[in-house]
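Residues per chain, in single letters:
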Amino acid sequence: PMVFHIRDVDRHGPDTPLQGSKVNAINLNPPVVLYPFRLLAHLTPNASFIGWTCISASLFIASVLLVLHMYPVENLKIRVLWILATGAVWYTFHLGQIYMILLFCAAIAWWALRKQKWLVAGISIGLICAIKPNFLVWPGLLIAGKSKKIGFTAFATTGLLSAIPLFLQGPAIYRQWLAACRGFNGYELPGNASLLAISSRAGIPQVGFALTLLVLAAVT
């Protein structure tokens, strides 16, 4: 059954051996992500890791090529080399994270915005938000910036995709997801550089919340 098993987990979740290392295995992505990824459950951990790394690398290359096609300037090629030197790219591959999906969708959305293809842009942004709901701030800002067609299309796409687990599995799957999210303790991980994470490590998470809201208000 497609449910979240959250019993008997420690503060960081259960460990799974992968490529000779230990990986925190609890899944905090929204329930809709379970449908495409349950296909990987039929493979061994190593086989799924290698397969997903190949997919991520392909999405990364496609995203970079799309951006280079939009901006054919010499300086951008140097910046691509700089991107390859950042830890975030290699951590995404090493940890088997899903961020290259978000990168590819963002590249498509940016291309569509430049081409004034608002439907493609809205669907791409909505897909990002369905995978990572914290990105819902993006269509919200688009609506505030008078790009209402794109913003509402993104919200509608997110809503439709998020309704699939509710229709197929029932509300229990969302209750389990929210319960798992409430146990998240990743703010203190060294790779988390958000304002909330920095303030949490300093023991003053309320300051992080306040600063985040102020920055959001300023951007809006």
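Here goes a summary of the coordinates provided. (Residues numbered from 1 in each chain as written. Predicted model: local features only at pLDDT ≥ 70, side-chain atom pairs only at ≥ 80, totals over all residues. Heavy atoms only, no water.)

Secondary structure assignment for the protein chain yields eleven helices and two strands. What you see in the protein chain, going N to C, is helices and strands ordered as β-β-α-α-α-α-α-α-α-α-α-α-α. Restricting to contacts in the protein chain with at least 6 residues of sequence separation, those with at least 24 account for 58%. About 13,900 Å² of surface is accessible on the protein chain, with carbon and sulfur atoms providing 69% of the total. (Helix = DSSP H or I, 4+ residues; strand = E, 2+ residues; numbered from the N terminus. Contact = heavy atoms within 4.5 Å. Areas by Shrake-Rupley, 256 points an atom, 1.4 Å probe, with all protein chains shown as cover.)

Looking now at the packing of aromatic side chains. Counted by the stated rule, this structure contains four aromatic pairs. On the numbers, 6.0 Å between centres and 75 degrees between planes, the contact of Y174 with W177 is edge-to-face. Residue Y174 and its partner W177 are both found in helix α9 (residues 172-182); the two are separated by three residues, about one turn of the helix. Each member of the pair, Y174 together with W177, is buried. Aromatic rings pair up to connect F60, W90 and F93 into one cluster. (Phe/Tyr/Trp six-rings, centres within 6.5 Å; stacked < 30°, edge-to-face > 60°. Buried < 20%, exposed > 50% of the residue type's maximum accessible area, 1.4 Å probe, protein only.)

Despite not being glycine, Q116 has its phi angle at roughly 60 degrees, a positive value. Tracing the backbone through its elements, the reader meets Q116 in the loop between α5 (99-114) and α6 (118-131).

A few words now on the environment of K132. The residue K132 is located in the loop between α6 and α7 (137-144) in this model. Residues K132 and L28, 104 residues apart in the sequence, show an inter-C-alpha distance of 9.7 Å. Once residues lying within four places of it in the same chain are set aside, the contact partners of K132 are N29, I98, Y99 and L102. Here N29 takes part through its side chain, which lies 2.9 Å from a polar atom of the side chain of K132. (Polar contact = N/O pair within 3.5 Å; in protein donor to acceptor, adjacent residues only side chain to side chain.)

Along α7, the residues that are buried comprise P139, L142 and I143. End-on view of α7: buried residues confined to an arc of 100 degrees, all on one side of the axis. (Arc of directions from axis to C-beta.)

Note that L84 resides in helix α3 (residues 74-84). Residue class for L84 comes out partly exposed when judged on its relative accessible area of 33%. Excluding anything up to four places from it in sequence, L84 contacts F60 and W90.

Between α7 and helix α8 (residues 148-168), the shortest axis-to-axis distance is 7 Å and the interhelical angle comes to 150 degrees. The angle between α7 and α8 places the two elements in the roughly antiparallel class. Like other packed secondary-structure pairs, α7 and α8 cross with a definite hand, here left-handed. Counted together, P139, G140, L142 and I143 of α7 and K148, I150, G151, F152, A154 and F155 of α8 form the full contact between these two elements. Along the lines of polarity and charge, the residues of the contact of α7 with α8 split into seven nonpolar, two polar and one charged. (Axes fitted to C-alpha atoms, helices over the stretch in contact; angles between N-to-C directions. Parallel < 35°, antiparallel > 145°, perpendicular 65-115°, else oblique. Left-handed = near helix turned anticlockwise from the far one by under 90°. Nonpolar A, V, L, I, M, F, W, Y, C, P; charged D, E, K, R; others polar.)

Along the chain, T153 falls in helix α8. Within polar-contact distance, the side chain of T153 engages the backbone oxygen of K149 at 2.6 Å. Setting aside residues no more than four positions away along its own chain, T153 makes contact with W118, L119, G122 and I123.

By themselves these figures say nothing about function.
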